[in-house]
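Fold and contact review
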Amino acid sequence: MRVLFWGTPDFGLPSLEAMRGAGHDIAGVVTNPDRPAGRGRRPRTSAVKAWALEAGVPILQPERPCEEAFLAAARRLRPDISVVAAYGRLLPPAALDLPPLGSLNVHASLLPELRGAAPINWAIIRGHRESGVSIQRMVAALDAGPVLGQTRIPIPAAMTAGELYAEAAEAGGARLVAVLEDLASGRAVEKPQDDACATWAPKLDRETARIDWSRPAAEVANWLRGCDPWPAAWTSLAAPAALAGRTLQCFEPGVGGDRADGGEPGTVVRADPARGLRVATGSGTLTVGAVKPAGRRRMSAAEWVRGLPDAREVRFD
């Protein structure tokens, strides 16, 4: 098949490689325009665009996918089908219906669970024991179209969002190729979703990733893992005075101890140069294995404590 691929981050790369390996013709890629990023605010090329440049595949970067000039350019590529994997924008009906075989989406959840922008993060934040990837036919409603195939992925107790992201990307590529083969052979079965069972995975960002220490320790641990590596769960420092008001991103949680060990939520029960941090929560205490101070690299919590003027004064807001 001739495939028009829509995607921006590296989540879509295993799908591109799997389709190319299976003999499909990537007619072109649609990706977001280059955006300023980093301290120098230089335009950054998306992972999908970088792949297309190396592969010699045509690239389209519309500001909005409803622009008539863009749609005309996409039609000239003569795709049989569109495949979307983390493009980052909603497709208008004119784009969805552009290829004769319609548009498929590689979505990182077991639909109808976790429709929306951040299914990988929320699967871990909500304590799910498994997630997965779904290949669904795109319709006007968000992530609501019929499902053509799914792959389940178990979520071990210590898995982070970054680790689930990598597994879902690979699983998505493999399942996508199988679905395309079923479509070509006429074996594909499109199963409607039960909207009554739908749950939602709203967008996360750096502003909303602040840690709520009043939640039980197990929930705070899920929050840290579900925001690792992005958007990164963070807290602010109340003490020592030299660091008051600064932020600290927290990673690698461990649950243990009870409230008798701690005090008020957010109280740093232990700031040890050898053993790192333990923090009181709404129920139980939580160890923090790694941190990232503002403007510095990620490091072990013990290393960070060793650099403090007085570890006994550490307190979180």
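Residues numbered from 1 in each chain as written. Predicted model: local features only at pLDDT ≥ 70, side-chain atom pairs only at ≥ 80, totals over all residues. Heavy atoms only, no water.

Brief notes about the pairing of strand S6 (residues 81-85)
What counts is decided by this rule: Relative accessible area decides the class of each residue, using a 1.4 Å probe on protein chains only: under 20% of the type maximum gives buried, over 50% gives exposed, and in between gives partly exposed. Counting from the N terminus, the helices are DSSP H or I runs at least four residues long and the strands are E runs at least two residues long. Think of it this way: DSSP has to see at least two bridges between two strands before they count as a pair.
Of all 5 residues that make up S6, 5 are buried, and the element is covered over most of its length. Of the two faces of S6, the one holding Ile 81, Val 83 and Ala 85 and the one holding Ser 82 and Val 84 are both buried throughout. The pairing of strand S1 (residues 2-7) with S6 spans 5 bridges and is parallel. Counted as the bridge partner of Leu 4 is Ser 82 from S6. With 3 bridges connecting them, S6 and strand S7 (residues 103-107) associate as parallel partners. Bridge pairing in S7 places Val 83 opposite Leu 104.

Brief notes about the nonpolar core
Our working definition: Put simply, buried Ala, Val, Leu, Ile, Met, Phe, Trp, Tyr and Cys residues joined by side-chain atoms within 4.5 Å make one nonpolar core. The contact definition used throughout considers only heavy atoms, calling two residues in contact when any of these lie within 4.5 Å.
Counting 70 residues, the largest nonpolar core has Met 19, Trp 223, Leu 277, Trp 304 and Phe 316 as its most contacted members. At 9 residues, the largest contribution of residues to this core is made by helix H6 (residues 161-185). Sequence-distant contacts of Phe 316, defined by excluding residues within four places in its chain, comprise Trp 213, Thr 235, Ser 236, Leu 237, Ala 238, Leu 248, Gly 266, Val 268, Leu 277 and Val 279. Of all hydrophobic cores here, the second largest spans 17 residues; its members include Ala 27, Val 30, Leu 60 and Ala 73.

Topic: the sheet that holds S7
The line we're drawing: The convention used is that axes are lines fitted to C-alpha atoms, helices contributing only their stretch in contact, and that angles between N-to-C directions extend from 0 to 180 degrees.
Strand order in the open sheet formed by 7 strands is S5-S2-S1-S6-S7-S8-S9, and the pairing between neighbours is mixed. Since the sheet does not close on itself, it has two edges, and those belong to strand S5 (59-60) and strand S9 (147-154), each with one partner. Examined bridge by bridge, S1 and strand S2 (residues 25-30) share 5 bridges and lie parallel to one another. Bridge pairing links Phe 5 to Val 29 in S2. Where H6 meets the sheet, it contacts S6, S7, strand S8 (130-137) and S9, and its direction lies at approximately 150° from that of S9.

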